[in-house]
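# Structural characterization, general
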Amino acid sequence: MFRYILQRLFYMLITLFIIATVTFFMMKMLPGSPLSAEDKLSEEQKAIVLEKYGLNDPVPVQYLRYMGGLVKGDLGVSFAFDNTPVTKILMDRMGPSLQLGFQSLLIGSFIGIILGLIAAVFRNGAIDYTSTIIAVLGSSIPNFVFAGILQYVFAVRLEWFPVALWGGFEYSILPTIALMIFPMATAARFIRTEMVDVLNSNFILTARAKGISEVGVVFKHGLRNGLIPLITVIGPMAVSMMTGSMVIEQIFAIPGIGEQFVTSVTLNDYPTIMGTTLLFAFLFVVIILIIDLLYGLIDPRIRVSGGNS
Amino acid sequence: MSKLLEVKDLKVSFNTYNGEVQAVRGVNFDLNKGETLAIVGESGSGKSVTSTTLMGLLPKPQGIIKSGQILFEGEDLVKKSVKEMQKIRGNDIAMVFQDPMSSLNPTMKVGNQIMEGLIKHQNMNRADAKKKATELLELVGIPQPDVRMNQYPHQFSGGMRQRVVIAIALACNPKLLIADEPTTALDVTIQAQILELMKKIQKETNSALIFITHDLGVVANVADRVAVMYAGKVVEVGTVDDIFYNPKHPYTWGLLGSMPTLDSAEEELYAIPGSPPDMLNPPKGDAFAPRNKFALEIDTVMEPPMFKVSDTHYAATWLLHEDAPKIEPPESVKRRMQGFSKMEGEQ
Ligand SMILES: Nc1ncnc2c1ncn2[C@@H]1O[C@H](COP(=O)(O)OP(=O)(O)OP(=O)(O)O)[C@@H](O)[C@H]1O
Ligand SMILES: [Mg+2]
């Protein structure tokens with residue numbers, strides 16, 4: 001098991017290295033420069049700034065310099081945000097984004113699982129159809145639409161929650177709801193399909209033949225087997241939460257990573273864009289690793305083969 | 001001997017998009033304490049539907065009991081509530097299913113799956129249930145039961161899994177065990193072992209057994225009596241001797257004739273022509289008539305009642321009517337019947 005994790009960590013590093021390289025060169029191909037928006041600077045002033053940040057060096061040199069810093073955990077300094085180190089910007093901005101992502105993923109998938117479960121148990125009934133409609137709407141309407149509606153109804157009109165910005169917990173409620181619709185809908189659809197299958201399987205019949213109550217059959221025997229495949233979709237979902245949160249953070253003016261990423265892109269702030277991309281990539285591979293380990297924890301069939309490899 | 005189970009005129013249908021599938025159309029049989037009844041018949045004849053109905057496990061809402069009684073120790077199971085049936089299932093009546101590969105929960109330890117019933121029905125605490133479950137694994141012939149208790153189904157072979165399923169069924173000493181083709185999914189040598197095991201256990205626990213199969217070969221080995229099912233009805237019932245040496249129903253002849261025996265290699269098998277009727281629209285008269293070369297005119301008009309052959313032996317065919325022409329089983333089937341008695345004599 002320990003060897004397996006080490007091996008996975010090694011692959012993670014390689015993945016991150018490739019992502020860093022690809023992003024670096026792709027960014028260099030982008031039109032414009034960090035200074036293209038700064039009309040007030042004269043040509044000489046621009047040249048001085050470019051020189052100062054090493055942007056006049058050949059691209060391979062810049063690349064080696066960047067990767068050298070990366071190994072030491074140095075992501076460079078931002079061009080835009082007062083020369084702040086990128087690591088510091090990311091640190092400051094990560095809190096709200098992580099909180100939002102976490103809250104919405106957790107609550108969303110929890111409600112989704114319950115919806116899907118009820119739909120599967122009472123399939124083809126009114127509850128099933130209602131939950132299917134919720135699920136389809138939730139996964140097809142983009143979350144910024146919900147965000148706009150929520151903001152207008154509950155913040156602007158009813159004034160129950162703050163309209164925007166980031167203060168205490170109450171500031172996180174509307175964006176969390178907007179963000180959680182997607183994982184909720186996905187989980188509900190997924191669990192419904194899965195549980196209908198599971199509840200029709202032979203081992204459920206065996207459980208019923210033992211005289212176990214229907215509640216016991218669904219929760220003790222059904223749910224765990226129905227949950228296993230959900231774990232595979234939760235990973236990509238978690239990532240889409242991070243990227244999806246960019247728009248939501250903009251709408252609610254939350255000083256999170258997503259909001260800052262969008263700003264950096266419009267400013268051609270290369271080091272910050274790089275840093276953010278790498279952070280997303282890092283979170284992504286970590287989540288995938290966690291999910292693989294979790295998979296083994298829930299599904300004994302995988303635990304064994306994982307332990308052997 | 002006292003009656004443990006009496007099934008009277010049981011009719012079960014399924015509501016499907018295409019209409020009502022009449023899977024079981026008036027089944028009658030009974031079972032004494034400690035006795036083994038084999039139910040045989042082609043695929044689709046309603047064997048599994050009958051047994052799931054006995055267990056109260058018909059798929060809802062499409063499966064419905066149209067009429068009939070299932071008297072278990074004198075009480076009608078058809079009238080029992082969901083809660084009452086939960087108390088009976090796994091405790092008084094237990095079931096072994098056909099496919100051991102999918103009959104066990106893949107994410108639950110085998111030990112826990114056996115203990116569940118014990119904890120539910122016998123009010124055992126976990127420690128006692130664990131001890132008993134380990135004993136059960138030993139009883140069904142699983143080596144190292146202590147270790148096996150903590151393993152998951154995927155760590156067991158097919159035959160071993162079926163032993164576990166049997167252990168689960170036996171956990172609470174059921175008065176009636178229903179085995180629905182328990183060996184069909186297993187390879188031949190394992191089949192024999194599982195049959196041996198079921199026979200041994202049945203002798204030890206003295207529970208009654210309903211053994212469902214479409215393989216007449218195993219019937220003679222296991223059963224005291226045989227019920228032959230066709231198109232949702234029992235068409236012939238009798239002791240093993242009645243059915244093997246003195247079969248009366250042409251369908252039973254067909255089953256016997258199509259059964260390979262040791263010296264049947266050179267002679268052609270007597271195959272039943274055609275296929276079973278569509279249970280959406282069961283035919284008028286005798287359902288077997290279209291496939292029966294001995295069919296009489298009356299077969300297409302009226303269903304035959306159960307004619308009594310002897311105290312133990314009944315068959316539903318107009319051939320037994322006093323006015324019917326005397327028809328002998330086909331030669332190949334007769335030879336087969338003599339073959340059985342020869343085999344019996346050699347044992
Ligand atoms: N859930 C269901 N919905 C509709 N029809 C069903 C259902 N279950 C069984 N049937 C029908 O009931 C009839 C009897 O099926 P059953 O499973 O009892 O046959 P069987 O004798 O057990 O056959 P086999 O030897 O293949 O197991 C078949 O025509 C089948 O199509
Ligand atoms: Mg069957």
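- As named in an unreviewed UniProt entry, chain B is Peptide ABC transporter ATP-binding protein, taken from Oceanobacillus arenosus.
- Turning to chain B, the UniProt annotation filed under Subcellular location (unreviewed entry) states: "Cell membrane".
- Regarding chain B, the relevant UniProt record gives this comment under Sequence similarities (unreviewed entry): "Belongs to the ABC transporter superfamily."

- The name an unreviewed UniProt entry assigns to chain A is Peptide ABC transporter permease, from the organism Oceanobacillus arenosus.
- A UniProt comment under Sequence similarities (unreviewed entry) is attached to chain A, and it reads "Belongs to the binding-protein-dependent transport system permease family."
- Looking at chain A in UniProt, the text filed under Subcellular location (unreviewed entry) is "Cell membrane".

### What to know about the UniProt feature "transmembrane region" (unreviewed entry) in chain A
- In the numbering adopted here, UniProt assigns the feature "transmembrane region" (unreviewed entry) to residues 9–27, 100–122, 134–154, 160–182, 227–253 and 273–295 of chain A.
- Annotation note: span residues 134–154 of chain A, helix share 90%, strand share 0%, distance between end C-alpha atoms 20 Å.

### Some thoughts on the site of ligand 1
Residues and elements named next belong to chain B.
- Near ligand 1 you find 15 residues, and of these S43, G44, K47, S48 and V49 are the closest.
- The contact in question runs from an oxygen atom of ligand 1 to an N or O atom on the side chain of S43, over 2.4 Å.
- One of the side-chain nitrogen or oxygen atoms of S48 is found 2.7 Å away from an oxygen atom of ligand 1.
- Relative to its free-state accessible area of 640 Å², ligand 1 is covered by the protein chains to the extent of 69%.
- Take the shell around ligand 1: its biggest share by element is 3 residues, from helix α1 (residues 47–55).
- Each residue belonging to the shell around ligand 1 can be placed in one class, and the counts come to 5 nonpolar, 7 polar and 3 charged.

### Overview of the interface of chain B and chain A
- Contacts between chain B and chain A engage 23 residues on the former and 21 residues on the latter.
- With both sides pooled, the region where chain B packs onto chain A buries about 2000 Å², and carbon together with sulfur makes up 58% of that total.
- If you look at where chain B meets chain A, you find 2 salt bridges.
- For A:K220, the salt bridge goes to B:E116, with nearest N and O atoms at 3.4 Å.
- Between chain B and chain A we count 14 residue pairs in polar contact (both at pLDDT 80 or more) in total.

Definitions and limits used
Residues numbered from 1 in each chain as written. Chains lettered and ligands numbered in written order. Predicted model: local features only at pLDDT ≥ 70, side-chain atom pairs only at ≥ 80, totals over all residues. Heavy atoms only, no water. UniProt positions renumbered as here; feature names shortened; annotations may be inferred. Helix = DSSP H or I, 4+ residues; strand = E, 2+ residues; numbered from the N terminus. Near = heavy atom within 4 Å. Polar contact = N/O pair within 3.5 Å; in protein donor to acceptor, adjacent residues only side chain to side chain. Areas by Shrake-Rupley, 256 points an atom, 1.4 Å probe, with all protein chains shown as cover. Nonpolar A, V, L, I, M, F, W, Y, C, P; charged D, E, K, R; others polar. Contact = heavy atoms within 4.5 Å. Buried area = accessible area lost by both parts, 1.4 Å probe. Salt bridge = Lys/Arg side-chain N within 4 Å of Asp/Glu carboxyl O.

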